[in-house]
Amino acid sequence: MIIGFLHIGAPKHGVCRYGRLLAAEAKRRNDLTVLEQAVILPQTLKPDAALLRTAADQLTAADVVHIQFTEAIWGPDAHRFRNLRTFLRRCRPPVVVTIHDTEPIPYCQEIEPAEGFKTVAGLRHMFRLGRLALYFAGIIPTYLTAHHEIRYWLMERTSYSFVCTAEEERRLHTPHLREKIKRIPHFVEDRPSLPTRDEARAALDIDQQLVITLLGFIYGGKGYEILLDAVAALARSDVLVVFAGGEIPGNESYLRYLQERAHVLGISKQLRVTGYLSEDELNRYLIATDIPVCPYEKCYASSSLSSWISANRIVLASRLPQFEEYEAIEPGALHLFSPYTPDALAESIRKMIHVLQKTPYGYNQKVMSLQHHLSMQHIFEKHRVYYQQIAR
């Protein structure tokens, strides 16, 4: 069987990296042939289209082609739909897609009519939404955002649509597309050569501080504010808060806001922002951290959580449906806090500190079990089942 992979976007982008890691796992199978095409769109319509047509032509020999979708990697709003249509029209083999970052479908009261009708383009957009509402009458809420519109269009034109969590499956669910949506959990990578804790902390110039780390690209909704507030409430000078990642280009003002917030709270000297991490640096922070946190206000599927699990770390996370799914697989592998307040997070951190004082730093059997269940080998085989169905 020949599997084609289209890698859209910068290699360090999480969604692009997701597809590359799947392709790397496929290459380890002796009975599979892997074709790969990597495209970074220049964000201009005609050059984008030319690159996508070339990539589709290079994947013609595949039995099935796997693509990844999130809005940011498929071009600007103005011609994202055209980019997708260009590739799908040119790609001869059947296509499957993993859909990332699915938002809940908003109800009509969340759309401001004054905004929608300001321009002719706005009128056209509202008319298109109205037509879709009639088409899906009784199935989904009355209005869709452009993001949901493009997702449903994509799902209708691909053989299968993969999502990582039951919550994302619920958000995309419509009866006529039920058989096309397949849930496959986010994989956990293998990390065979991790440093020791002492080696990691020495390399990162961390002494006796209690390290609390929030991992990944820095953007709103991941709980940076609530973490800063909770650490301030702890009133402990030995706590080091690490934002292990860099800001998204064009969103630098958000990081400045967080740094100013830390200054106002009196903990600016306890905050470290790493910027983008190499693989070796990432491994060091995974091991050097005492309390990994995912205090997300909203969540899709978390590659950061998968990274922590890959290093056998117990994570403190907000009680969201996506994290509860991990708890259902292996109860006790995560610590979940609720309600979503700085005080609740601070109290959960205190409890974890108490556990750390009693339990030597080392591997956790429950996290190891979760790690095995979500290993790349197992998760790839779940994809392979659907690849084979299509190839036959």
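Cut-offs applied
- Residues numbered from 1 in each chain as written.
- Predicted model: local features only at pLDDT ≥ 70, side-chain atom pairs only at ≥ 80, totals over all residues.
- Heavy atoms only, no water.
- Salt bridge = Lys/Arg side-chain N within 4 Å of Asp/Glu carboxyl O.
- Pairing = 2+ DSSP bridges.
- Helix = DSSP H or I, 4+ residues; strand = E, 2+ residues; numbered from the N terminus.
- Axes fitted to C-alpha atoms, helices over the stretch in contact; angles between N-to-C directions.
- Contact = heavy atoms within 4.5 Å.
- Buried < 20%, exposed > 50% of the residue type's maximum accessible area, 1.4 Å probe, protein only.
- Phe/Tyr/Trp six-rings, centres within 6.5 Å; stacked < 30°, edge-to-face > 60°.
- Lys NZ or Arg CZ within 6 Å of the ring centre and 35° of its normal.
- Parallel < 35°, antiparallel > 145°, perpendicular 65-115°, else oblique.
- Left-handed = near helix turned anticlockwise from the far one by under 90°.
- pLDDT = per-residue confidence, 0-100.
- Expected span 1.5 Å × (residues − 1).
- Arc of directions from axis to C-beta.

(A) Representation of the pattern of salt bridges within the structure. Evaluation of the coordinates by the stated rule reveals 22 salt bridges. Salt-bridge contacts for arginine 157 lead to glutamate 156; the nearest nitrogen and oxygen are separated by 3.5 Å.

(B) Region of interest: the sheet that holds strand 7 (residues 210-215). Taken together, the 6 strands give an open sheet; going across it, the order is 9-8-7-10-11-12, and neighbouring strands pair in parallel fashion. With partners counted over all chains shown, the strands left at the sheet margins are strand 9 (271-273) and strand 12 (334-337), one partner each. Within this sheet the neighbouring strands show an average axis-to-axis angle of 25°, counted without direction. Strand direction decides the pairing type here: strand 8 (residues 239-244) and strand 9, joined by 3 bridges, are parallel. Bridging across to strand 9, valine 241 finds its partner in leucine 271. Sheet strands touched by helix 12 (residues 303-310): strand 7, strand 10 (291-294), strand 11 (315-318) and strand 12. Its angle to strand 7, the strand with the most contacts, is close to 135°.

(C) Layout of the environment of glycine 246. Mapped onto the secondary structure, glycine 246 falls in the loop between strand 8 and helix 10 (252-265). For glycine 246, a relative accessible area of 9% corresponds to the buried category. On a C-alpha basis, the gap between glycine 246 and glycine 275 in space is 3.8 Å, while along the polypeptide they are 29 residues apart. In this view, glycine 246 contacts Gly216, Phe217, Ile218, Gly275 and Tyr276; residues no more than four positions away in its chain are not counted.

(D) Seen up close, the packing of aromatic side chains. The tally for this structure, following the rule as stated, stands at 12 aromatic pairs. For lysine 12, the ring lying beneath its charged end belongs to tyrosine 276, and the centroid distance is 4.7 Å.

(E) Molecular detail of the sheet that holds strand 3 (residues 64-69). Taken together, the 6 strands give an open sheet; going across it, the order is 2-1-3-4-5-6, and neighbouring strands pair in parallel fashion. Both edges of this open sheet fall to strand 2 (33-39) and strand 6 (181-183), since each of them pairs with a single strand only. Averaged over all adjacent pairs, the angle separating strand axes in this sheet is 25°, with direction ignored. Examined bridge by bridge, strand 3 and strand 4 (residues 95-99) share 5 bridges and lie parallel to one another. Of the residues in strand 4, the one forming a bridge with phenylalanine 69 is isoleucine 99. Here helix 3 (residues 80-90) sits on the sheet in contact with strand 1 (2-8), strand 3 and strand 4, set at roughly 170° to strand 3.

(F) Main features of the packing of helix 9 (residues 224-234) against helix 10. Look at helix 9 against helix 10: their axes get within 10 Å of each other, and the N-to-C directions meet at 15°. Regarding the angle of helix 9 to helix 10, the classification is roughly parallel. As for the relative orientation of helix 9 and helix 10, their crossing is right-handed in sense. Of the residues in helix 10, those in contact with Tyr224, Glu225, Leu228, Asp229 and Ala232 of helix 9 are Tyr254, Tyr257, Leu258, Arg261, Ala262 and Leu265.

(G) The arrangement of the pairing of strand 5 (residues 160-163) in detail. Residues of strand 5 alternate between two faces, with Tyr160 and Phe162 on one and Ser161 and Val163 on the opposite face, all of them buried. Direction of pairing for strand 4 relative to strand 5: parallel, over a ladder of 3 bridges. Bridge pairing in strand 5 links threonine 98 to phenylalanine 162. Two elements, strand 5 and strand 6, share 3 bridges in a ladder whose sense is parallel. Across the sheet, residue serine 161 finds its bridge partner in strand 6, namely isoleucine 181.

(H) Structural view of the environment of valine 64. With respect to the secondary-structure elements, valine 64 resides in strand 3. Classification of valine 64 as buried rests on a relative accessible area of 0%. Discounting chain neighbours no more than four positions away, the residues touching valine 64 are Ile2, Ile3, Gly4, Pro93, Pro94, Val96, Tyr387 and Ile390.

(I) Spotlight on the confidence of the model for the protein chain. For the protein chain, mean pLDDT is 87; residues scoring 70 or higher make up 88% of the total. Residue range residues 134-145 is modelled with pLDDT below 50. Its contacts to residues more than four positions away, or to other chains, number 26 contacts.

(J) Helix 10, seen in detail. Relative to the 20 Å expected for 14 residues at 1.5 Å per residue, helix 10 spans 20 Å between its end C-alpha atoms, a close match to the ideal helical length. Every buried residue of helix 10 is accounted for by Tyr254, Leu255, Leu258 and Ala262. The arc that holds the buried residues of helix 10, viewed along the axis, is 100°, so those residues lie on one side. Structural note: helix 10 exposes Glu260, His263 and Val264 on the side pointing more than 90 degrees away from its buried face. Those residues of helix 10 that are buried are in contact with helix 9, strand 8 and strand 9. Following helix 10 by one or two positions, glycine 266 has its phi on the positive side, about 80°.

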